[in-house]
Amino acid sequence: MGGSGGRYFPVEDSEADPSAAELRARLSSKDQDIEEMRRRLRELEKLDYEIPPAASHEEPETAASATTAEKAEVDARSIYVGNVDYACLPEEVQQHFQYCGSINRVTILTDSFGQPKGFAYVEFDEVEAVQNALLLNETELHGRPLKVCPKRTNIPGMKHSRGRHPVHPFYPTYGKVPRFRRFPGYSYSPYY
């Protein structure tokens, strides 16, 4: 069978094929490398078992409160700028607010496709600069009046109503409204 579809039979005689000895030497060096890796892995596993667990759960809570305090402090030095032109660059927003105080960062938010959302956040170095920036409310940038207000701090756990119905105790979050909870003027709609 001399064709390409024939079977391969390993050569037993190392003198007949000089590359067989080279292959065996390479395999033995590969085996040595594998054994060395296994030895290192065992050493690392021993070290992993010797590392003590975390001391307590109080540290993450204090770290979380510290980060919340830091976020609140940064938000106190920041402003929200609405109605920003989509072609506006962060450098242009920085130039518009440069006389209010020294600017630490300008962030123009974008959607998942990289297109600007139409608003920006400006972070100042001092809290006093926020009051100066609020005076620039309704000023124009690229022919559009800007809406400038202090940046609000998000409170974890506070949700805003995003459904059809306002947040109200008589509106359940799912299913039909029971008859006794219907208000006057309510009419049945199968497409709730």
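This text follows the structure it describes.
Rules used throughout
Residues numbered from 1 in each chain as written. Predicted model: local features only at pLDDT ≥ 70, side-chain atom pairs only at ≥ 80, totals over all residues. Heavy atoms only, no water. Helix = DSSP H or I, 4+ residues; strand = E, 2+ residues; numbered from the N terminus. Buried < 20%, exposed > 50% of the residue type's maximum accessible area, 1.4 Å probe, protein only. Contact = heavy atoms within 4.5 Å. Areas by Shrake-Rupley, 256 points an atom, 1.4 Å probe, with all protein chains shown as cover. Pairing = 2+ DSSP bridges. Axes fitted to C-alpha atoms, helices over the stretch in contact; angles between N-to-C directions. Core = buried A, V, L, I, M, F, W, Y, C linked by side-chain atoms within 4.5 Å. Salt bridge = Lys/Arg side-chain N within 4 Å of Asp/Glu carboxyl O.

Visitor: Residues and numbers for the overall build of the protein, please.
Guide: Assigned secondary structure in the protein consists of 4 helices and 6 strands. Moving toward the C terminus, one meets the helices and strands of the protein in the order α-α-β-α-β-β-α-β-β-β. In the protein, buried positions account for 16% of the 192 residues. In the protein, once contacts between residues fewer than 6 apart in sequence are set aside, the share between residues at least 24 apart is 56%. Carbon together with sulfur atoms contributes 56% to the accessible area of the protein, which is approximately 15,900 Å² in total.

Visitor: So what's going on with the sheet that holds strand 6 (residues 147-150)? Which residues, and what values?
Guide: Taken in spatial order, the 4 strands make up an open sheet running 2-3-1-6, and their pairing is antiparallel. At either end of the open sheet lies a strand with only one pairing partner, and these are strand 2 (103-110) and strand 6. Taking the axes of each pair of neighbouring strands and ignoring which way they run, one obtains an average angle of 20° across the sheet. For strand 1 (residues 78-82) and strand 3 (residues 116-124), the ladder comprises 5 bridges, and the chain directions are antiparallel. Across the sheet, the residue bridging to Tyr80 is Tyr121, located in strand 3.

Visitor: Which residues make up the nonpolar core, and what values do they have?
Guide: Ranked by size, the top nonpolar core spans 19 residues in total, and within it Ile79, Val81, Val93, Phe97, Val122 and Phe124 carry the most contacts. Of all the secondary structure elements, the ones that give two or more residues to this core are strand 1, strand 2, strand 3 and helix 4 (128-134). Apart from the residues lying within four places of it in its own chain, the contact partners of Val81 are Phe97, Phe119, Ala120, Val122, Leu146 and Lys147.

Visitor: Tell me what's going on with the environment of Cys100, and back it up with residues and numbers.
Guide: Tracing the backbone through its elements, the reader meets Cys100 in the loop between helix 3 (90-96) and strand 2. Note: C-alpha distance between Cys100 and Phe124 (24 residues apart in sequence) is 8.8 Å. If we skip the residues at most four places from it in the chain, Cys100 touches Phe124, Ala129, Asn132, Ala133 and Leu136.

Visitor: Residues and numbers for the side chain of Asp75, please.
Guide: On the secondary structure map, Asp75 appears in helix 2 (residues 58-76). Asp75 sits in the buried class, given a relative accessible area of 10%.

Visitor: With reference to specific residues and values, describe the pattern of salt bridges.
Guide: Tallying each qualifying case throughout the model produces 9 salt bridges. A salt bridge links Glu36 to Arg40; the shortest N-O distance between them is 3.4 Å. With Glu36 and Arg40 both in helix 1 (residues 18-50) and 4 residues apart, this pair spans about one turn of that helix. For Arg144, the salt bridge goes to Asp85, with nearest N and O atoms at 3.6 Å. Taken together, the residues Arg144 in strand 5 (residues 144-145) and Asp85 in the loop between strand 1 and helix 3 connect sequence positions 59 residues apart. According to the relative accessible area criterion, Arg144 is partly exposed, its value standing at 24%. Taken together, the shared-partner salt bridges in this structure form one network comprising Glu36, Arg39, Arg40 and Glu43.

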